[in-house]
Amino acid sequence: MEYVKAFETIVKEQLERAERMKTAPQSTDYEALDKIIVGIIDGDGIGPIITQSCKKIMEHLMADEIAAGKLELRDIEGLTIENRIEKMETVPADVLAAVKDCHVLLKGPTMTPGKGDNMPNLESANVKLRKELDLFANVRPVSIPEKNINWTFFRENTEGEYALGSQGVDINDDISMDFKVTTTIGTTRLARAAFEFAKANGNQRVTIVTKANIMKKTDGKFLSLCYEVAKDYPEIQVDDYYVDITAANLIKEPANSKFNVFILPNLYGDIITDEAAQIQGGVGTAGSINQGGRYAMFEAIHGSAPRMISEGRGQYANPSSIVRAGAMLLRHIGYGDQAAALDKALDEALDALSMTSNSTGNSTDDFTEFVISHLK
């Protein structure tokens, strides 16, 4: 039967992927590089507006390093929904080749066609890039000092429900099936990254989030493997919660201030981190790291907001999320002082300006110029 063959193909591909992960490259030593190349990907919708805002800020902040040839901000064109549909490639081959010539990426939001969009069934560009570059950890910090909240989420980035999101199977008119994947290497490398972060930041508490009481094979494996890694870090407090009670606990004060580091499978991580960002002030306030061995990608965590473009409001897009991601990028490649300066200027902009996404507030250009003028 056709669906049996489809399932066999999926299993074969995932077994091959698991073998490839065993020889994944080691982390890049940025200090050893003569020049660090930062790829700039605009994306769709408001993506070009906010991404170029961040690029302008970084060009000002890093002018000396750019002039000395130590840093290059390189525009990568072609990762637009129009070009992807024209070529019928989730990430066109020439774009992927250009991406792989860089060391790190700053990426604007890209559109993923939905069921009602009357577009081809293209996979998410984010998911494709995460798989192609093996960006296994999505790291999202959330900080609310006045509530004593200091959270860092380590979301698995290449597996779970999203790994095969466009490869579901229609069995017949009555039944459709999607698939969820959990591998030993995929989970253990994520867990180790989270525990290493917790150790480096004062042995912070680590919380594992699953639905292992229901998803006994995949989530059960994820939970067991995380606890196995935890044995190497006896000084760190470890516990686990189901994803539904985690969602409730994030808004339960003051108990939510007791959490520090979270480890989550892909889908749960996507949902919970958006909730956490909303508690912080909205998804427009948060950036994220997609971290692997050879590569790392930094991006805003919100979507491309096509309605803002269609309604002529694009010039009022809030670039703070991708600017925050830019600060995280600078810190990642070894420019901690510049990252701290950018974070400070960004916080001042968020306090001083009114980013309402329309003409009642400040524009993207206002925000950009404010941040540049307050960089010290």
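Scope of this entry: the structure provided in the associated data block.

Cut-offs applied
Residues numbered from 1 in each chain as written. Predicted model: local features only at pLDDT ≥ 70, side-chain atom pairs only at ≥ 80, totals over all residues. Heavy atoms only, no water. Core = buried A, V, L, I, M, F, W, Y, C linked by side-chain atoms within 4.5 Å. Buried < 20%, exposed > 50% of the residue type's maximum accessible area, 1.4 Å probe, protein only. Helix = DSSP H or I, 4+ residues; strand = E, 2+ residues; numbered from the N terminus. Contact = heavy atoms within 4.5 Å. Expected span 1.5 Å × (residues − 1). Salt bridge = Lys/Arg side-chain N within 4 Å of Asp/Glu carboxyl O. Pairing = 2+ DSSP bridges. Axes fitted to C-alpha atoms, helices over the stretch in contact; angles between N-to-C directions. Phe/Tyr/Trp six-rings, centres within 6.5 Å; stacked < 30°, edge-to-face > 60°. Disulfide = S-S within 2.5 Å.

So, the nonpolar core
What tends to happen in soluble globular proteins is that the nonpolar side chains get buried as a cluster.
Then, number 1: Grouped together as the largest cluster of nonpolar side chains are 64 residues, with contacts concentrated most on Leu 106, Ile 263, Phe 298, Leu 329, Leu 330, Ile 333 and Leu 342.
Then, number 2: Looking at this core element by element, the count peaks at 7 residues for helix α12 (residues 320–332).
Then, number 3: Listed in part, the 16 residues of the second largest apolar core include Ile 76, Ala 125, Leu 135 and Tyr 295.

Some words on the side chain of Gln 204
Then, number 1: With respect to the helices and strands, the residue Gln 204 is situated in the loop between α7 (184–200) and β8 (206–210).
Then, number 2: If we skip the residues at most four places from it in the chain, Gln 204 touches Asn 150, Phe 197, Ala 198, Ile 236, Gln 237, Asn 260 and Val 261.

Details of α12
Then, number 1: The terminal C-alpha atoms of α12 lie 18 Å apart, and with 13 residues this matches the ideal 18 Å at 1.5 Å per residue to within 8%.
Then, number 2: By the criterion of burial, α12 is predominantly enclosed, with 11 of the 13 residues buried.
Then, number 3: Those residues of α12 not exposed but buried are Ser 320, Ser 321, Ile 322, Val 323, Arg 324, Ala 325, Gly 326, Ala 327, Met 328, Leu 329 and Leu 330.
Then, number 4: Gly 334 lies just past α12 and shows a positive phi near 105 degrees.

Regarding the pattern of salt bridges
Then, number 1: Enumeration according to the criterion identifies 27 salt bridges in this entry.
Then, number 2: A salt bridge links Lys 128 to Glu 132, with the shortest nitrogen-to-oxygen separation between them at 3.3 Å. Here the residue Lys 128 and the residue Glu 132 both occupy positions in helix α6 (residues 125–132), the gap between them amounting to 4 residues, near one helical turn.
Then, number 3: Here Glu 132 falls in the partly exposed class, since its relative accessible area comes to 33%.
Then, number 4: In this structure, Lys 344 engages Glu 348 in a salt bridge whose closest nitrogen and oxygen atoms are separated by 2.7 Å. Of this pair, Lys 344 and Glu 348 both sit in helix α13 (residues 336–352), separated by 4 residues, roughly a single helical turn.
Then, number 5: Here Glu 348 falls in the partly exposed class, since its relative accessible area comes to 24%.

Some details on the sheet that holds strand β5 (residues 149–156)
Then, number 1: The 10 strands are arranged β2-β1-β3-β12-β11-β4-β5-β10-β8-β9 in an open sheet whose pairing can be described as mixed. The two strands at the open ends of the sheet, each matched to only one other strand, are β2 (71–76) and β9 (238–242). The mean inter-strand angle of the sheet, taken between neighbouring strand axes irrespective of direction, is 20 degrees.
Then, number 2: Here strand β3 (residues 104–107) pairs with strand β12 (residues 296–300) via 4 bridges, running parallel. Its bridge partner lying in β12, Leu 106 is registered against Phe 298.

Examining the packing of aromatic side chains
Then, number 1: Taken as a whole and assessed by the stated rule, the structure comprises 8 aromatic pairs.
Then, number 2: Here Phe 153 and Phe 262 contribute two aromatic rings whose centre-to-centre distance is 4.6 Å and whose plane-to-plane angle is 10 degrees, an arrangement assigned as stacked. Note that Phe 153 is positioned in strand β5 and Phe 262 in strand β10 (residues 261–264), a separation of 109 residues in sequence. Both residues of the pair, Phe 153 and Phe 262, count as buried.
Then, number 3: Ring geometry for Phe 259 and Phe 262: centres 5.3 Å apart, planes at 35 degrees, overall tilted. Note on accessibility: Phe 259 and Phe 262 belong to one class, buried.
Then, number 4: The rings of Trp 151, Phe 153, Tyr 241, Phe 259 and Phe 262 are connected pair by pair, giving a single aromatic cluster.

Some points on the state of the cysteines
Then, number 1: What the rule picks out here adds up to 0 disulfides.
Then, number 2: Considering cysteine sulfurs only, Cys 54 is the nearest to Cys 102, which forms no disulfide, with 15 Å between them.
Then, number 3: Cys 102 sits in the buried class, given a relative accessible area of 0%.

Description of the environment of Gln 280
Then, number 1: Inspection of the secondary structure assignment puts Gln 280 in helix α10 (residues 266–280).
Then, number 2: On a C-alpha basis, the gap between Gln 280 and Val 142 in space is 6.6 Å, while along the polypeptide they are 138 residues apart.

Regarding the pairing of β5
Then, number 1: Most of β5 is tucked away, with 7 of its 8 residues classed as buried.
Then, number 2: Alignment of strand β4 (residues 137–144) against β5, held across 8 bridges, turns out to be antiparallel. Note that in β5 the partner of Asn 138 across the bridge is Arg 155.
Then, number 3: In the sheet, β5 pairs with β10 via 4 bridges, with the strands oriented parallel. Note that in β10 the partner of Thr 152 across the bridge is Val 261.

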